[in-house]
Amino acid sequence: MWSFMSRSISMRCLTLPQSLPNSLFSINKTNVFRSGFSYPFWRSTVGLFCSTSGEFMRMGDRGVSALQSIHDHDSISYLSQREAAEIDETLMGPLGFSVDQLMELAGLSVATSIAEVYRPSEYNRVLAICGPGNNGGDGLVAARHLHHFGYKPYICYPKRTPKPLYTGLVTQLESLSVPFLSVEDLPLDLSNDFDILVDAMFGFSFHGAPRPPFDDLIRRMICLHSYGQTRQKPPVIVSVDIPSGWHVEEGDVDGEGVKPDMLVSLTAPKACAKKFSGPHHFLGGRFVPPLIANKYKVRLPPYPGTSMCVRIGKPPQIDISALRENYISPELLEEHMEADPMDQFRKWFDDALAASLKEPNAMALSTAGKDGKLSSRMVLLKGIDKDGFLWYTNYGSRKARQISENPHASLLFYWDGLNRQVRVEGPVEKVSELESEQYFHGRPRGSQIGAIVSNQSMIIPGRHVLHQEYQKLEEKFSDGSMIPKPKHWGGYRLKPELFEFWQGQQSRLHDRLQYSPQEIDGKRVWRIDRLAP
């Protein structure tokens, strides 16, 4: 096991990029080798290659999931071992990156990739099998993050590395009470005790046949595929950068390597990834500076938002009928509800704010005209008062026309992160012109101009029309003068006559509590009824 480590270190000296400026060769060998292993041969830190045309998907816009994928495999280049090593040399030499920095980013990328696909409510028990090198260190870091993400990780780390970086990672996990299991502690059949197996045994520097105990661990993983034929849901396998037992460039040559369900490439796919046929291939890590991207003529994929991972290739075909979530929530009991549904709504809305949910004021507004035909759209709640729920819109829009014909509507708030919904029904009326004026002039100036430009729901010849009108008005009011509120724009208020508070529960036995008004002793009070889910 240890002999290939010394070969990796000697090979490094032969792979320095010859065409870089001399200033880039003043590499601090102490920093590069301080882990005791050849880090470049355990991981690539180059970004994703794209086609030479420079065309690639824009995926950094707000609201795009990390599951948004790069579908075109032809636009992705796959790295050889030499290319990966050359770029790692530069990163950890003149560019100042350290092994522990890259390992932390890599492990976080692995954990976020797992969380994108396998929710902890269904795949909670994670066994990370870690090798002695930096690939194993990535697994240790990933396990720590998975713990904080709500998973229950276990660690099998049979060949520990006696270096401060690795002993520190072990200490961090032990401080979280993450169990460490010896190979002897593991069941022969891994399919019963774990939901996810993280293969962090060997990186792309490995050559030759795996030695004990890793050869046996790889065999146990391979056996899971035969177990899966008789069991409903075998554990999934997630390989870090290179599936253990694979050749870095040729793949699973003799068929004796791990066959993962997910591969997380760090941070560009290696040549063997062309042979990966599992359903989930992710790219992780986003830290390569422009100097390297320009020098090696590479382009990084635009990661979505703040995500540390992005899917490569087409997502798997999903049976829509099989999509379901088994909600886990505290019980919603009548005795815990506020007497006034507006107070209960404010309480839940505050919870949504505290949970940092995206746009907790987003609500589905459903309306119908005199013809009875329904239409729905998402709008933003802009106020709550004793009289009801407030939003603003164009009075010439379809919803406004329907409200004028049938002044009743329904609102639906959905807070996914809390497993909650609130439905509100009631009559709708316009707010006063004064209220609309006050709100309009409190909006950003760009939004004020946008309200004038857009004849909402009307057919237009193209987006360029909106831009042209916007630019004209932007120039007109560039002196900072007040922008007048258009007559066709203002607010509506829904006065609630019915509330339903919904809390998701296991086995579809959801809580549904309905508030409806009734008269008692001449006073209007709210009655609470439980509805069958």
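Counting starts from 1 at the beginning of each chain's written sequence and moves along it residue by residue. Totals for whole chains, interfaces and linings use all residues, but because this is a predicted model, local features are given only for residues with pLDDT of at least 70 and pairs of side-chain atoms are given and counted only at 80 or more. Excluding hydrogens and water, the side-chain figures rest on all heavy atoms present in the structure.

Give a description of helix 12 (residues 445-453) that names residues and reports values.
Type-normalised accessible area, obtained with a 1.4 Å probe on protein chains alone, sets the label of each residue: buried when under 20%, exposed when over 50%, and partly exposed for intermediate values. We count a stretch as a helix when DSSP gives it H or I for four or more residues in a row; a strand needs E for two or more, and each element gets its number in order from the N terminus. Turning to helix 12, its buried residues are Q448, I449, A451 and V453. Its buried side turned inward, helix 12 meets helix 11 (433-440), helix 13 (463-476) and strand 15 (489-494). It only takes one pair of heavy atoms within 4.5 Å for two residues to be counted as in contact.

Tell me about the pattern of salt bridges, residues and numbers included.
It is possible for side chains bearing opposite charge to pair when their charged atoms get close. Every case where a carboxyl oxygen of Asp or Glu lies within 4 Å of a side-chain nitrogen of Lys or Arg is listed as a salt bridge. Counted under the stated rule, the structure contains 20 salt bridges. As a salt-bridge pair, E500 and R423 come within 2.6 Å of each other at their nearest N and O atoms. Residue E500 is located in strand 16 (residues 498-503), and its partner R423 is located in strand 14 (residues 420-430); the two are separated by 77 residues in the primary sequence. E500 gets classed as buried once you look at its relative accessible area, which sits at 6%.

Explain the packing of helix 5 (residues 134-148) against helix 6 (residues 164-175) to me, and be specific about the residues and the numbers.
Any two packed helices are characterised by how steeply their axes cross, that is the angle between the axes, and by the distance between the axes. Axes, fitted as lines to C-alpha atoms, cover a helix only where it is in contact. Angles between the N-to-C directions of the axes lie from 0 to 180 degrees. Across the interface, helix 5 lies against helix 6 with an axial gap of 10 Å and an inter-helix angle of 20°. Between helix 5 and helix 6, the angle is such that the two are roughly parallel. Read as a crossing pair, helix 5 and helix 6 show a hand that is left-handed. Here N134, G137, L140, V141, A143 and R144 of helix 5 come into contact with helix 6, specifically with Y166, L169, Q172 and L173. Residues belonging to the contact of helix 5 with helix 6 are distributed by class as follows: six nonpolar, three polar and one charged. Orientation is classified from the angle alone, with under 35 degrees giving roughly parallel, over 145 giving roughly antiparallel, 65 to 115 giving roughly perpendicular, and any other angle giving oblique. Crossing chirality is assigned from the near helix's rotation relative to the far helix, an anticlockwise turn below a right angle marking it left-handed and a clockwise turn marking it right-handed. All amino acids are sorted into three groups, where Ala, Val, Leu, Ile, Met, Phe, Trp, Tyr, Cys and Pro are nonpolar, Asp, Glu, Lys and Arg are charged, and the leftover types, Gly among them, are polar.

Which residues make up the nonpolar core, and what are the values?
Think of a nonpolar core as a cluster: buried Ala, Val, Leu, Ile, Met, Phe, Trp, Tyr and Cys residues, connected wherever their side-chain atoms sit within 4.5 Å. Counting residues in hydrophobic clusters, the biggest one holds 46 residues, and the most contacted among them are I114, Y118, I155, I196 and V198. For this core, the leading source of residues is helix 4 (residues 99-117), giving seven residues. Counting residues in hydrophobic clusters, the runner-up holds 30 residues, among them F413, V422, V424 and L494.

Can you break down the pairing of strand 12 (residues 388-394) residue by residue, with the values?
Of all seven residues in strand 12, seven are buried; the element is thus mostly enclosed. Pairing between strands is defined by DSSP: at least two bridges between the two strands are required. Judged from the three bridges that link them, strand 11 (residues 383-385) and strand 12 form a sheet pairing that is antiparallel. Bridge pairing links G383 to L390 in strand 12. Across six bridges, strand 12 lies against strand 15 in antiparallel orientation. Of the residues in strand 15, the one forming a bridge with W391 is Y492.

Quick one: what's the story with the packing of aromatic side chains, residue by residue and with numbers?
Think of it this way: a Phe, Tyr or Trp ring, Trp meaning its six-membered ring, pairs with another when their centres are within 6.5 Å, and the plane angle makes it stacked under 30 degrees, edge-to-face over 60, tilted otherwise. Counted according to the given criterion, the structure contains 24 aromatic pairs. Aromatic pair F499 and W526: ring centres 5.7 Å apart, planes at 80°, arrangement edge-to-face. Within this pair, whereas F499 is found in strand 16, its partner W526 is found in strand 18 (residues 523-530), the two being separated by 27 residues in sequence. Considered together, F499 and W526 belong to a single accessibility category, that of buried residues.

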